[in-house]
Amino acid sequence: MLNGFRVITSGVVLGAILLSGCGNSAEPDEAQQEKSPVMNENPESNTGETQNAEVIKKGVGDVIQSIKGLETELSAEADPERIQEMGKEMSSVWDSIEKQVEDEYPDWYERIEKNLYPLIGESGNPEKDLEKIKRLSEATKEDLQLFLEEVN
C-alpha cells in the first residue's frame, strides 16, 4: 500500500514537472507570436503611410480653407476680432498635423512655417497690418498648395 502511494505521488510529481516544462516551452511560442505581428506590419506600414498622407492632405486642405476665409474677411469688413479668431482657428488646424508634417516632410515644414507663423502672429496683433496679412496669406497658401502636390 505504501509503495502504491509512492508510485502515485512520484507519478503526480513527475507529471507536474513535465507539465511545468511544457509551460516553459510555451513561452517561446508566445514570444514568437509577439514577434509575428511585428514582422507582418511591413505590408501594413504602407497603409499607415497612406493614412498619414490622407490626414496631412485633409489638414492642409483645412488650413488652406482657413486662409481663404481670412482673405475673404480681409476684403470684406476686416473685423479685427474676426481676423484674430480666424488666425487662432488656422493655428489650431495646423497644430493637428504639424508633427506629422515635421516628421515626414521636414523641408516643407520649414518652408510652410516661414510664412504661416508670421501670418498667425500678425492676425493676432492688436494693430493688424492688413497688407502684410494679405502677403503672408498668399505666400502660405501657395506653399501649402505646392506641398499638397508633393504629398499626392
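Residues numbered from 1 in each chain as written. Predicted model: local features only at pLDDT ≥ 70, side-chain atom pairs only at ≥ 80, totals over all residues. Heavy atoms only, no water.

The name given to the protein chain in an unreviewed UniProt entry is Lipoprotein, with Peribacillus simplex as the source organism.

### Focus: the environment of Y117
Position of Y117 among the secondary structure elements: in helix α3 (residues 106-124). Separated by 23 residues in the primary sequence, Y117 and T140 have C-alpha atoms spaced 9.3 Å apart. For Y117, the contacting residues outside a window of four places in its chain are W94, D95 and E98. (Helix = DSSP H or I, 4+ residues; strand = E, 2+ residues; numbered from the N terminus. Contact = heavy atoms within 4.5 Å.)

### A look at the pattern of salt bridges
Taken as a whole and assessed by the stated rule, the structure comprises nine salt bridges. A salt bridge links K141 to E71; its shortest N-O distance comes to 2.8 Å. Within this pair, whereas K141 is found in helix α4 (residues 130-151), its partner E71 is found in helix α1 (residues 2-75), the two being separated by 70 residues in sequence. Judged by its relative accessible area of 12%, K141 is buried. Between K134 and E131 there is a salt bridge; the shortest N-O distance is 3.7 Å. Here K134 and its partner E131 are both found in helix α4, three residues apart, which amounts to about one turn of the helix. By relative accessible area, K134 is classed as partly exposed at 35%. Taken together, the shared-partner salt bridges connect E71, E138 and K141 into one network. (Salt bridge = Lys/Arg side-chain N within 4 Å of Asp/Glu carboxyl O. Buried < 20%, exposed > 50% of the residue type's maximum accessible area, 1.4 Å probe, protein only.)

### Thoughts on the side chain of S123
Among the structural elements, S123 can be located in helix α3. A distance of 2.7 Å separates a polar side-chain atom of S123 from the backbone oxygen of I120. Look past the residues within four positions of S123 in its chain and what remains in contact with it is I83, Q84, G87, K128 and I133. (Polar contact = N/O pair within 3.5 Å; in protein donor to acceptor, adjacent residues only side chain to side chain.)

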